[in-house]
Amino acid sequence: MSRLITCACALFCLLASGTNAIAQTFPSKPIRVVIPFVAGGSSDIVGRAIASKFQEILGQPGIVENKPGANGAIAAEFVAKAEPDGYTILVGSIGVFSINSALFKDLRYGPRDFAPVTLAVTTPNVLITRPDLPAGSMQELVEYAKKNPGKLSYCSSGTGSSDHLTGELWKQGSNIFAVHVPYRGGAACQTDIMGSQVDISFQNLGAVTNYIRANRMKALAVTSATRHPQLPNVPTTVEAGFPGLVVTSWQAVAAPAKTPREIVAKLNDASVRALRAPEIRERMTQIGFDVVASTPEEFGKLMQDEVARWTTVVQRGAIKPD
């Protein structure tokens, strides 16, 4: 028995030393940065910004690969099943990491399949309305909806998107009815808001700030706990009397589960340093993102909390994916 214990201990030490050796030499080749959406979107912008600094920080380049499809599930499953060696990572959204788990019953990946690296950036949504809607505040909007049952419409960038579920959360908390109009992307939704074809929407701040400033749409509230510097005159949902409607969209970085902790630490350090680089931070700010650059533990907790939150909203709203 003692010989078996000794052999087991020796094997454990050998495996541990091998893992440490691999971690010490990591990375020794380029790192594949997988993006679950097409080029030009939020995940792509953040992923390319982080990858652009890997050569400088890690001594190896980050190679961006876009794998769109199935609400980001194709790329997420690909990374979840990749070798857990740190050479394949995912840069994705709240939808990929959390909402999909709440929305799709047959999803073939989940938070447990990832080693969190960092919460990269966040951005609040903005409650926008058509220019001529007769409501100047969230309270007035609720009153309008109750006086005109079934008349109020709200658009989103698609069923199960962050802006859709933010609208659902508001409906459930306000006990009102509004007709959901899903689009394929936020741009068409924003266009129809400005054209008074749809009444309201909850859109990412960076996507609508210029339209608000040009008075092409109205902004009633920002879904954050504090006012946003890009829209300092727009009240928060907390100020408007809706404290449960604090919602942020976010982008984050993860590796496959079972990636050695030492390698995750290196990926976290490189990603955080990239995000905090002055030119990248400035670019993120310009497009409406707030740089977070969290620890792996902080992102892991957020991912789990968001799954629980949006699962409740999806179930209460009986929301089905398209």
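Our structure's up above, just so we're on the same page.
Residues numbered from 1 in each chain as written. Predicted model: local features only at pLDDT ≥ 70, side-chain atom pairs only at ≥ 80, totals over all residues. Heavy atoms only, no water.

Chemist: Would you mind going over the packing of aromatic side chains with me for this structure?
Modeler: Two measures describe an aromatic ring pair: the distance that separates the ring centres and the angle between the ring planes. With the rule as written, the count across this model stands at seven aromatic pairs. With 5.4 Å between their ring centres and 80 degrees between their planes, Phe97 and Phe299 make a pair best called edge-to-face. With Phe97 in helix 5 (residues 94-103) and Phe299 in helix 12 (residues 296-317), the pair connects residues that are 202 residues apart, well separated along the chain. Ring centres of Trp250 and Phe299 lie 5.7 Å apart, and the angle between their planes is 80 degrees; this geometry places the pair in the edge-to-face category. Taken together, the residues span a long stretch of sequence, with Trp250 in strand 9 (residues 248-256) and Phe299 in helix 12 at a distance of 49 residues. Note on Phe299: relative accessible area 0%, which makes it buried. (Phe/Tyr/Trp six-rings, centres within 6.5 Å; stacked < 30°, edge-to-face > 60°. Helix = DSSP H or I, 4+ residues; strand = E, 2+ residues; numbered from the N terminus. Buried < 20%, exposed > 50% of the residue type's maximum accessible area, 1.4 Å probe, protein only.)

Chemist: For this particular structure, what's the right way to read helix 7 (residues 162-174)?
Modeler: Within an α-helix, residues lying three or four positions from one another point in the same direction, as the helix has 3.6 residues per turn. Between its first and last C-alpha, helix 7 extends 18 Å over 13 residues, near the 18 Å set by a 1.5 Å rise per residue. For helix 7, every residue scored as buried is listed here: Ser162, Asp163, His164, Leu165, Thr166, Gly167, Glu168, Leu169, Trp170, Lys171, Gln172 and Ser174. (Expected span 1.5 Å × (residues − 1).)

Chemist: Teacher, can you tell me more about the pairing of strand 7 (residues 200-204) here?
Modeler: The two faces of the sheet receive side chains in turn, since in a regular strand these alternate between them. The element strand 7 is largely enclosed, with a buried count of four among its five residues. Examined bridge by bridge, strand 4 (residues 114-129) and strand 7 share five bridges and lie antiparallel to one another. Residue Thr129 lies in a different strand from strand 7, and its bridge partner there is Ile200. When strand 5 (residues 153-156) meets strand 7, the two strands line up parallel, connected through two bridges. Each bridged residue has a counterpart across the sheet, and for Cys155 the counterpart in strand 7 is Ser201. (Pairing = 2+ DSSP bridges.)

Chemist: Help me understand the pairing of strand 3 (residues 88-93) in this model?
Modeler: Counting buried positions over the six residues of strand 3 gives six, a clear majority of the element. Covered by surrounding structure in strand 3 are Thr88, Leu90 and Gly92 together with Ile89, Val91 and Ser93, the residues of both alternating faces. The pairing of strand 1 (residues 31-35) with strand 3 spans three bridges and is classified as parallel. Residue pairing for strand 3: Arg32 is matched across the bridge by Thr88.

Chemist: Just checking my understanding: could you explain the state of the cysteines for this structure?
Modeler: Each disulfide consists of one covalent bond between the sulfur atoms belonging to two cysteines. Evaluation of the coordinates by the stated rule reveals one disulfide. Covalent S-S linkage joins Cys155 and Cys189, the inter-sulfur distance amounting to 2.0 Å. Linking Cys155 and Cys189, the disulfide has an S-S dihedral of approximately 70 degrees and is accordingly described as right-handed. Separated by 34 residues along the polypeptide, Cys155 in strand 5 and Cys189 in helix 8 (residues 186-194) bring together distant segments of the chain. When its relative accessible area of 0% is taken as the criterion, Cys155 is described as buried. Accessibility expressed as a relative area gives 0% for Cys189, which makes it buried. (Disulfide = S-S within 2.5 Å.)

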